[in-house]
Amino acid sequence: MTGDDPLTDPHQVSVRVNGTPHELTVESRRTLADMLRHDLGYTGTHLGCEHGICGACTVLVDGEPARACLMFGVQADGREVRTVEGLADGEELSDLQRAFSERHGLQCGFCTPGFLMLAEAFLAENPDPSEDEIRDVVSANLCRCTGYQGICEAIADTAAARRAGGAP
Amino acid sequence: MTVGRSVPRHEDARLLRGRGRFADDVNRTGQAYVRIVRSPVAHARIDGVDTAEAAAMPGVVAVVTGADVADVPPIPVRLPNPDHPLDAHLQPVLAYGEVRYVGEPIAAVVAEDPYLAEDAAELVELDLTELDAVLDAEDGVCAATLTDGFGDVDAAFAGAAHVVEAVVEVGRHAAVPLEPRGLVAAYDADRDRMEVWGASKVPNFNRGVLAGMLGMAPERVRLYAMDGGGGFGARGEFYPEDFLVPWLARRLGRPVKWTEDRAEALVALNHSRQQRHRVAAAFDDGGTLLGLRDEIWHDNGAYARTHGLTVPDLTVAMLPGPYRLPAYGCRLHMALTHKTPCGTYRAPGRYEGTFAREQLFDVAADRLGIDPVELRRRNLLTPAEIPHTRPLNALGTSMVLDAGDYPKLLDAAVARTDGWRAEAERLRADGMRAGVGLAVFLEKSGLGPYETADVVVDASGAVRVHSGGTSLGQGIETVLAQIAAERLTVPDDRIEVVNGDTDLQPYGLGSWASRSTVVGGGAVVRAADAVVDKARRTAALLLEADPADLELADGRFTVKGSPDAAVTLGEAAAARMPGGPGMGPDEEPGLAARRVFTVDHMTYPYGVHVALVAIDPGTGAVRVPRYLVAYEVGRAVNPKLVEGQLVGGAAQGLGGALYEEFRYDEAGQPLATTFMDYLMPTASETVPYVETLVTEDAPSPDNPLGTKGAGEGGITAAGAVLASAVRAALGLRGTVGRLPLTPSRVAELMDGAGPSASDLGGHNGGDAPPRPEGGPAHEDG
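Residues numbered from 1 in each chain as written. Chains lettered and ligands numbered in written order. Predicted model: local features only at pLDDT ≥ 70, side-chain atom pairs only at ≥ 80, totals over all residues.

## With respect to helix α3 (residues 114-121) of chain B
With six of eight residues buried, α3 of chain B is to be regarded as a mostly interior element. All of the buried residues along α3 of chain B are Y115, L116, A117, D119, A120 and A121 of chain B. (Buried ≥ 20, exposed ≤ 12 C-beta atoms within 10 Å, placed from the backbone. Helix = DSSP H or I, 4+ residues; strand = E, 2+ residues; numbered from the N terminus.)

## Points about unusual backbone geometry
Residues and elements named next belong to chain B. Cis peptide bonds are those with omega within 30 degrees of zero, and the linkage from G448 to P449 qualifies with 0 degrees. Look at the link from L739 to P740: it is a cis peptide, with omega at 5 degrees. Positive phi outside glycine occurs at R273, with the angle close to 80 degrees. Mapped onto the elements of the fold, R273 is located in the loop between α7 (262-268) and β13 (275-283).

## Points about the packing of helix α9 (residues 350-368) of chain B against helix α10 (residues 372-379) of chain B
Residues and elements named next belong to chain B. Contact geometry of α9 with α10 gives a least axis separation of 9 Å together with a crossing angle of 110 degrees. Between α9 and α10, the angle is such that the two are roughly perpendicular. Across the interface between the two elements, F361, D362, A364, A365 and L368 from α9 touch P372, L375 and R376 from α10. In terms of residue class, the contact of α9 with α10 is made up of six nonpolar, no polar and two charged. (Axes fitted to C-alpha atoms, helices over the stretch in contact; angles between N-to-C directions. Parallel < 35°, antiparallel > 145°, perpendicular 65-115°, else oblique. Contact = placed C-beta atoms within 7 Å. Nonpolar A, V, L, I, M, F, W, Y, C, P; charged D, E, K, R; others polar.)

## Focus on the sheet that holds strand β24 (residues 562-568) of chain B
Residue and element names in this part refer to chain B. The strand order across the open sheet formed by three strands is β22-β23-β24, and the pairing between neighbours is antiparallel. Pairing within the sheet leaves two strands with one partner each, and these edge strands are β22 (550-553) and β24. Along the sheet, successive strands turn relative to each other by an average axial angle of 35 degrees, direction set aside. The pairing of β22 with strand β23 (residues 556-559) spans four bridges and is classified as antiparallel. (Pairing = 2+ DSSP bridges.)

## A few points about the sheet that holds strand β26 (residues 606-615) of chain B
Residue and element names in this part refer to chain B. With respect to topology, four strands assemble into an open sheet ordered β18-β26-β27-β28, the strand pairing being mixed. For this open sheet the edge positions go to β18 (433-442) and β28 (690-695), each flanked by a neighbour on one side alone. Strand-to-strand twist across the sheet, computed as the mean angle between neighbouring axes with direction ignored, equals 10 degrees. Here helix α12 (residues 420-429) sits on the sheet and contacts β18, β26 and β27 (622-632); the angle it forms with β18, its principal contact strand, is near 150 degrees.

## What about the interface of chain A and chain B?
Many descriptions give the size of an interface as the accessible area lost when the pieces come together. Taken together, the contacts link 40 residues of chain A with 48 residues of chain B. Going through the elements one at a time, α2 (95-102), α3 (112-125), α4 (131-138) and α5 (149-164) of chain A are the ones with two or more residues in the side of chain A that touches chain B. Within the side of chain A that touches chain B, the residues separate by chemical class into 19 nonpolar, 16 polar and five charged.

## Some points on the nonpolar core
V109, V455, A484, V613, L722 and V726 of chain B are the most contacted members of the largest nonpolar core, which has 312 residues in total. Not counting the four nearest positions on each side in its chain, V613 of chain B is found in contact with A434, G435, V622, R623, V624, L722, A725, V726 and A729 of chain B. (Core = buried A, V, L, I, M, F, W, Y, C linked by C-beta atoms within 7 Å.)

## Describing the pairing of strand β2 (residues 44-50) of chain B
All names here are of chain B. In terms of strand pairing, β2 meets strand β4 (residues 98-99) through two bridges, oriented antiparallel. The residue bridging A44 from the neighbouring strand is V99, located in β4. Relative to strand β6 (residues 125-130), β2 is paired through six bridges, and the arrangement is antiparallel. The residue of β6 that forms the bridge with R45 is T129.

## Here we look at the environment of R273 of chain B
All names here are of chain B. A residue is classified by how many C-beta atoms lie within 10 Å of it, and R273, with 29 of them, is buried. Note: C-alpha distance between R273 and G171 (102 residues apart in sequence) is 6.6 Å. Other than its neighbours up to four places away in sequence, R273 contacts V170, G171, R172, H173, Y345, Y351, E352 and G656.

## As for the confidence of the model for chain B
All names here are of chain B. Taken residue by residue, chain B gives an average pLDDT of 94. The fraction at 70 or more is 96%. In this model residues 756-781 is a low-confidence stretch, pLDDT under 50, and it forms 56 contacts with partners more than four residues away in sequence or in other chains. Across the interface, the model reports ipTM at 0.97; the global pTM reads 0.95. (pLDDT = per-residue confidence, 0-100.)

## Here's the deal with the pairing of β28 of chain B
A regular strand places its side chains so that they alternate between the two faces of the sheet. Residue and element names in this part refer to chain B. Relative to β28, β27 runs parallel, the two sharing six bridges. When the bridges of β28 are listed, A630 appears paired with L693. Between the parallel pair β27 and β28, the chain is carried across by helix α16 (residues 639-658), and the sense of this crossover is right-handed. (Right-handed = clockwise from strand over helix to strand, strands pointing away.)

## Comments concerning the environment of G114 of chain A
Residue and element names in this part refer to chain A. Position of G114 relative to the elements: it lies in helix α3. Residue classification places G114 among the buried positions, given that 29 C-beta atoms sit within 10 Å. Taking C-alpha positions, G114 is 14 Å from C145, a pair spaced 31 residues apart along the chain. The contacts of G114, once residues within four sequence positions are left out, are H46, G55, A56, C57, T58 and N141.

So, in structure tokens, the structure goes:
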């Protein structure tokens, strides 16, 4: 099933993940999620449904949230990908990560990386969101543990703190 | 004091950084990948499985079928009931001869790459002759019939002024944790050691089952629990894959990895909840409950899985709830159908039974002209009647409702939601159909018979706890650390809890049935106290003092009256190294203890849910602007985590009440096989802010901390309270009939097509209610 099968054609990919450049060869059909997780070791990106509904695999591609299960690795060629591993500054959690903990916005933590990346992109675009706008964007992803309450609160807290402290 | 404080969760830092370690994050050098070939039909004779083409594909390592495991026994029941053997209905690890549900494993393909394994699985040819599929429990083979009760039920109903009867159903839905399952197994032939990563819930039990099926001693098998992406009852039971993956690793002589995808998870992981109740209650003229009876059809799907009779058993035992009940009779038929097998899902049996019972109370209140809250208050057990021994059996334990003031919590919940009826009025004025519902419930938690914990202190003073539980999101690492910290008088962040490693803790019974804080916490208390005793003896030697004269505070022993000379726990541990100065003759070196905590009974928390719903009269869509969970927890070790359990549970329960259902077509094909069709609530459907009222009025007398489990109280009455609120909003005379209350169902109820009239029992009616016709009829074909 290799060689002339268009599904399995090898492609050279050059991608930056959290600022680190990577060069690798992947089959055409290899998803971005599998490439990140299994070829590059960014296992913080999780797969909950592999059909684009749950959003656990949400990463930022050139700053825009994307379902890594719905993109092929080869589509990330030449682009900048940001994953949950890139949020903390060394050992120091980001303000958003701290807010998730303070608001008990995570329990099992499986959906958490997707929500963090979704919220990160959202707050970059809309630094002063209303409660309804937050709830609307949070409804893009699924969480089975928290009932979303702590997630919404954490995003609101982070937005307020960032506004108070000046835009990052 | 750390117990009782909302300390930050120990789990959070790694999970927030993407450094949790879930099953699919584990890899072993040289691993091959499994793909399971599953039945595409509900019921068929297997005439042949042709693996030749798949096996010939480059990159394929092996293809196995039922014939290869024909001598492997089926998966046993974890909690067997000797009165009801289920041996004839257990699931084989691969179907052989016959398949009984869509999704049943028929073959397994192993390849060098997961993509190749999936390609090859599509080349396995199944020669199947389809057979009729049974899709309604009342048409299915009855695997067991449970009967229980007390008092003279016939007399109670014969003499009653009012009898209220109903047929109510709960739709099939399930835990659906967000992480699909995964397993990695590696076998070391030279040492005859099997290692499996990805265990959860009950690692030691599963170690025993796996060892038995592989013909190995349990001590040769080591399971590691990982971070679990949600459990809720379904994850961590022993499924066919839990045998196949390790067995393939041994057979092939190389590590084997399996990661489930969502399409598989929705048909392979235990389903739950599907029951039909023909339930009736008898009241006197003053609204006093005289009797309760129920005949239940429990759709268990195609096989009896590891839970055996747990859900049926708890349905029957817990149906009476927190009420004073003179006479009770219940019969449950556990029937097999050609659907995914069922098991427990958070609040098993109670979600279903609470819905059935509380709907009856609402109907009765209207019939008797008594306020629904008042009707409940009149019939709740009072503090003077507690502890209350109920002559029923729950999971092999006698039922003693241990501590509580049920009316007090009901009154507190009503006071807290005082303005909600006025809010419903305002919503009605805006053109919505709106109503407030209320449901009271009894929970159970802390199932024994025992749990085990090790507390180990090293020379630096760092502490490890080897727990028998597993991490499923409930915060067990934090809670057990808090409990150990309190006993050892050290900060909780000095304590690391290691979960679910069967070599480190071979005597743990696992995390389920809201038992980890109650029973696991009790074991940590005992082990930590034993460590303190040892350390005290050592400190006394070092300080040349009488152990009785030592005080422990901030992790240091001092002699009363002379605070300057001190021995820390770490120093005591160092002095207890082999040959150390703190060792008595013949003492075991190190500062560690393993202790078991046993319980005879479960402990019974209780609660009240109140909800305000607003229904769009055009679409039937139900919105839930307000929701209260009031819950008595005995003692909250970490209040924030208790609230998190209650809020999250309510959201999950709302899913089953309003949206989620595994429906099947008439051929037994599942209609919800993606998240497009299986509608888990998003942030747009859940309650914006679930209020909680957590009380600590009635600590359990059965464990040293007085705790009661908090894992399930958020979901138990979710179906009941939303049904109650929808019923109030629509002004129904009868029950809502069935859950989930999807927009189309609610629209039917608004049009009067529901069961409002048909399921109202006659005055003093004595016969079992009829099988439903129209109205609430099941939709399974």
